[in-house]
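Report on the structure
Listed below, chain by chain, are the residues.
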Amino acid sequence: MTRKVRVAIAGLGFGSEFVPIYQAHPDAELVAVCQRTESSLHETADRFGVPGRYSDFAAMLADPDIDAVHINTPIPDHAGQTIAALRAGKHVACTVPMATTLDECRAIVSAVRESGKNYMMMETVVYSREFLHVKDLLDNGTLGRIQFLRGAHHQEMAGWPGYWEGLPPMHYATHAVSPVLSLAGALAESVVCLGSGRISAELTATYGSPFAVESALVTLRDSPVGAEIARSLFETAREYVESFTVFGELATFEWEQTQGSGHVLHVGEIPKPVEIPDFAHRLPPQIAPFTTRGVYDADNEHLSFVQGSGHGGSHPHLAHEFVRSIVEDRAPAIDEVTAANWTSVGICAHESAMNGGARVAIPDYAA
């Protein structure tokens, strides 16, 4: 493209974090925002000086001045809005997960192919400073061969919006799935999952999922490496953590077990504290500051900064990859096939848990 990518953001809760990033990006122009609640819509648009304002998603898609849509709406809306945007001729970035069913994943993959537009799932962990550092350790040989991978995401979601209540733990598993599959350089092939514990009847009634914790073993396509994923959402006592551990031939990276305790690199049998650098230098200077700060002040800070240090500084990296994939006319790093595979691990894991741990094959979305 010879001009800037004209971006619209749908959903202004977490989505507000990306408003100043797109505004500052040298290859992007933020032309519109969309929010159902008009008071919130105008409050955010006024604050950042965004000209286009929509309270209706379909009306936004009809705007010919929009090239790309970044979707940050509730999980149940992701698939339908993604498909609608692709069919309207827009490139799409969407927060996780891609969808909630295998059929929705298939439909999105088909819509991408039919539209010829880019799709990127905006998975934060694989652009966190921790992941980028461990990827460097893998690439420079520090870890040696990967022997095993473990991902975990434990978070108490009580009090969050109603659509979260009783959500099967593995239906929101990409924060734990993505780093292990990315580091292994492979897609998931099949999964077996154990459902453990019980949540209250009130929570169970929403989705029919009784489990407090779901833990899965994942086999990888064309790889001797296995992975383990653990996930909890309700009535399980644990400090918030999104984490991954990489067991290597020469060294093992272990995510800190409590926030602030520090990550550890086991070199042979000797544990050493790890200093994780920031990776703002990999970004255009205009958006580099957003690896360490968000758009909210201390009295109104988004949970991604309260609990996760701004998702490890990932937000500007994600926006940059999405924009550059459009400018360079190439598939983004987390394209529709990768996103469908990562999302399907959780969907199939929950199916396995509901069927006593039966092995479930992950669909081949590249076929």
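This text goes with the structure placed above it.
Cut-offs applied
- Residues numbered from 1 in each chain as written.
- Predicted model: local features only at pLDDT ≥ 70, side-chain atom pairs only at ≥ 80, totals over all residues.
- Heavy atoms only, no water.
- Core = buried A, V, L, I, M, F, W, Y, C linked by side-chain atoms within 4.5 Å.
- Buried < 20%, exposed > 50% of the residue type's maximum accessible area, 1.4 Å probe, protein only.
- Helix = DSSP H or I, 4+ residues; strand = E, 2+ residues; numbered from the N terminus.
- Contact = heavy atoms within 4.5 Å.
- Axes fitted to C-alpha atoms, helices over the stretch in contact; angles between N-to-C directions.
- Parallel < 35°, antiparallel > 145°, perpendicular 65-115°, else oblique.
- Nonpolar A, V, L, I, M, F, W, Y, C, P; charged D, E, K, R; others polar.
- Pairing = 2+ DSSP bridges.
- Expected span 1.5 Å × (residues − 1).
- Disulfide = S-S within 2.5 Å.
- Salt bridge = Lys/Arg side-chain N within 4 Å of Asp/Glu carboxyl O.
- Bend = angle between axes of the 7 residues up to and from the residue.
- Polar contact = N/O pair within 3.5 Å; in protein donor to acceptor, adjacent residues only side chain to side chain.

Here we take up the nonpolar core. If you look at the biggest cluster of nonpolar residues, it comprises 118 residues, and the most contacted ones within it are Y22, V33, F57, M60, M98, Y119 and F244. It is helix α12 (residues 336-354) that contributes the most residues to this core, 9 residues altogether. Once residues lying within four places of it in the same chain are set aside, the contact partners of V33 are I9, L12, V19, L41, A45, V50, G52, R53 and Y54.

A separate point is the packing of helix α5 (residues 102-115) against α12. Where α5 meets α12, the axes come as close as 10 Å, and the angle between the chain directions of the two elements is 175 degrees. With respect to each other, α5 and α12 are oriented roughly antiparallel. Two secondary-structure elements touch here, α5 through L102, C105, V109, V112 and R113 and α12 through E336, V337, A340, T343, S344, I347 and C348. For the contact of α5 with α12, the per-class residue count stands at 8 nonpolar, 2 polar and 2 charged.

Another aspect to go through is the sheet that holds strand β6 (residues 119-121). Working definition: the strands of a sheet are paired by backbone hydrogen bonds and lie parallel or antiparallel to each other. Strand order in this open sheet of 6 strands is β3-β2-β1-β4-β5-β6, and the pairing throughout is parallel. A strand with exactly one partner marks an edge of an open sheet, and here the two such strands are β3 (52-54) and β6. Neighbour-to-neighbour, the strand axes of this sheet turn through a mean angle of 20 degrees, independent of strand direction. Sheet analysis places strand β4 (residues 68-71) next to strand β5 (residues 91-94), joined by 4 bridges and oriented parallel. Within β5, the position partnered with V69 by the bridge is V92. Here helix α2 (residues 38-48) sits on the sheet and contacts β2 (28-34) and β3; the angle it forms with β3, its principal contact strand, is near 165 degrees.

The end-to-end C-alpha distance of helix α11 (residues 315-327), which contains 13 residues, comes to 19 Å, matching closely the 18 Å that a straight helix rising 1.5 Å per residue would cover. Among the 13 residues in α11, 12 count as buried, and that is most of the element. What α11 keeps buried is the set H315, P316, H317, L318, A319, H320, E321, F322, V323, S325, I326 and V327. Phi for D329, located one or two positions after α11, is positive at around 55 degrees.

Here we come to the state of the cysteines. A full pass over the atoms with the stated rule returns 0 disulfides. We note that C94 lacks a disulfide partner, and the nearest cysteine sulfur, in C105, lies 11 Å from it. A residue is classified by how much of its surface remains accessible, and C94, at 0% relative accessible area, is buried. In this structure C105 is not part of a disulfide, and its nearest cysteine sulfur, from C348, lies 8.7 Å away. We classify C105 as buried; its relative accessible area is 0%.

Considering all chains together, one arrives at 15 salt bridges under this definition. A salt bridge links R53 to D46; its shortest N-O distance comes to 2.6 Å. Classification of R53 as partly exposed rests on a relative accessible area of 29%. Classification of D46 as exposed rests on a relative accessible area of 51%. What emerges from the salt-bridge pattern is a single network uniting D27, E321, R324, E328 and R330.

Another point: α12. Here α12 spans 27 Å end to end across 19 residues, near enough to the 27 Å set by a 1.5 Å rise per residue. At S344, α12 is bent by approximately 25 degrees, the largest bend along its length. Within α12, 17 of the 19 residues are buried, which leaves the element mostly enclosed by the surrounding structure. By the N-cap criterion, in which a side-chain oxygen at the helix start approaches the backbone nitrogen of a residue two or three places on, α12 is capped by D335, the distance to V337 being 3.3 Å. Just downstream of α12, G356 is the residue with a positive phi angle, here 70 degrees.

At the junction of V96 and P97, the peptide bond is cis and its omega measures out at -10 degrees in the coordinates. Mapping P97 onto the fold places it in the loop between β5 and α5. In this model, D329 sits at a positive phi of 55 degrees, which is unusual for a non-glycine residue. Relative to the elements of secondary structure, D329 occurs in the loop between α11 and α12.

The next point concerns the pairing of strand β11 (residues 241-248). Counting buried positions along β11 gives 7 out of 8 residues, so the element sits mostly inside the fold. In this structure, strand β7 (residues 146-154) lies alongside β11, joined through 8 bridges in antiparallel fashion. Within β11, the residue paired with L149 across the bridge is V246. Across 3 bridges, β11 lies against strand β12 (residues 251-254) in antiparallel orientation. Each bridged residue has a counterpart across the sheet, and for V246 the counterpart in β12 is F253. Hairpin remark: β11 followed by β12, antiparallel, with 2 residues in the connecting loop.

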